Amino acid sequence: MKKLVVASMRKSAGKTSVIVGIAKALNEDIGYIKPFGDRLLYRKKRLWDYDSALITDIFGLDESPEKISIGFEPSKLRYMYDAESMGTRLHELLSDVGKDKSMVFVEGGKDIGYGISVNLDAISVARYLNGKLLVVISGDDDTILDDITFLKTYLSNTEIDFCGVIVNKVRDVEDFKDVCLPQISKGVQVLGVIPYREEFTHFSVRYLAERLLAKVVAGEGGLHNPVKTILIGAMSPSTARSYPPFHEANKVVITGGDRSDMILASLETNTAGIIITGNILPPQNIISKAAERGVPLLSVPSDTFQTAIQIEHIEPLLTKDDVDKISLWEGIAREHIELSSI
């Protein structure tokens, strides 16, 4: 059984998406564990990690998401395990998940040091499981150089099987290969340089509704619409109509439920969805028009400003329904990652 521990130097580098792409491209019978969960979901009185749920759904794994993480709270883990017993628990988890699997992906936390106080950082996990360590890196050129230099310095004195790095979200791949790659490839194997893709920064109206815990009042058929622009509809309809971004496709407009004029103006343009704030519902004729046009109306209790702040902090994570994105990640892995080295 091959064991690949996938870590990142910083938060939101794209570890889970890279795992999906590699696993799809390799087309092997895979297993997956995320020992220290850090993207928590609470559903039906059960707690699990978002990434664990995503991977089990995409690949149809038998394990339930909460069973492929050892824990979520550092204080509980410190009480339950010391370094030796944590190693034993990791091997038990790997044995359960890896039965009859040709490869097991082990995903680290939000950064490479996350969980070190409870012996669940990616480097400790790779050491316990005797697995290969792959690090996903993203950021500007200087950040990438700093991170790779750190890895070379730190890992050169360890017995970790460090197979290399994948650089993600690179805006100019050719320039990066010409200018940066010669500097970073000495002593560290670069297994892939993945180009930045704008579509990965977009999420669907359904995803937005779930993150806001919004009630879908109408237009359920449009919940798959991609969201590319967020507008606050605090202006008058005439002002909005003279505002160029208001005419962009796939926008979501945030406005008060009592702003019937703004809701109607939004329905007249290419709008992906409308968030009506303050738990105020518009008149029934407007709700019916939104339903006819397939434009979701999402009702939230917060005001317009608070809702905009909430959306600003939403991370566009991959979902099991993102069939096109999953297929795109498979293609990216085949084209831009040295799969034979993995």
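Up top you'll find the structure we're talking about.
Residues numbered from 1 in each chain as written. Predicted model: local features only at pLDDT ≥ 70, side-chain atom pairs only at ≥ 80, totals over all residues. Heavy atoms only, no water.

(A) Summary view of the overall build of the protein. A tally of regular secondary structure across the protein gives 14 helices and 15 strands. For the C-alpha atoms alone, the extent of the protein along its principal axes is close to 65 × 50 × 35 Å. With 342 residues in all, the protein has 52% of them scored as buried. At a minimum sequence separation of 6, the contacts of the protein that also span at least 24 residues come to 68%. (Helix = DSSP H or I, 4+ residues; strand = E, 2+ residues; numbered from the N terminus. Buried < 20%, exposed > 50% of the residue type's maximum accessible area, 1.4 Å probe, protein only. Contact = heavy atoms within 4.5 Å.)

(B) The arrangement of the sheet that holds strand β1 (residues 2-8) in detail. Pairing in this open sheet of 6 strands is parallel, and the strands run β2-β5-β1-β6-β7-β8 from one edge to the other. The strands lining the two open edges of the sheet, one partner per strand, are β2 (30-33) and β8 (190-195). On average, each strand axis in the sheet is tilted by 20° relative to the strand beside it, whichever way the strands run. In the sheet, β1 pairs with strand β6 (residues 132-137) via 5 bridges, with the strands oriented parallel. Bridge pairing in β6 links Leu4 to Lys132. (Pairing = 2+ DSSP bridges. Axes fitted to C-alpha atoms, helices over the stretch in contact; angles between N-to-C directions.)

(C) Representation of the nonpolar core. If you look at the biggest cluster of nonpolar residues, it comprises 76 residues, and the most contacted ones within it are Phe105 and Leu133. When residues of this core are assigned to their parent elements, the largest contribution, 6 residues, is made by helix α1 (residues 15-26). Ranked by size, the runner-up nonpolar core spans 23 residues in total, among them Leu212, Leu223, Val227 and Ala272. (Core = buried A, V, L, I, M, F, W, Y, C linked by side-chain atoms within 4.5 Å.)

(D) Just the packing of α1 against helix α14 (residues 323-336), in detail. Look at α1 against α14: their axes get within 7 Å of each other, and the N-to-C directions meet at 75°. In terms of orientation, α1 and α14 fall into the roughly perpendicular class. The residues of α14 that touch α1, namely those facing Ser17, Val18, Val20, Gly21, Ile22, Lys24 and Ala25, are Ile326, Trp329, Glu330, Ala333 and Arg334. Here the contact of α1 with α14 is composed, by residue class, of 7 nonpolar, 2 polar and 3 charged. (Parallel < 35°, antiparallel > 145°, perpendicular 65-115°, else oblique. Nonpolar A, V, L, I, M, F, W, Y, C, P; charged D, E, K, R; others polar.)

(E) Seen up close, unusual backbone geometry. One non-glycine residue with positive phi stands out, namely Leu213, at about 55°. The residue Leu213 is located in the loop between α9 (205-212) and β10 (215-218) in this model. The backbone of Asn250 shows a phi angle near 60°, a positive value even though the residue is not glycine. Mapped onto the elements, Asn250 comes out in the loop between α10 (237-241) and β13 (251-256).

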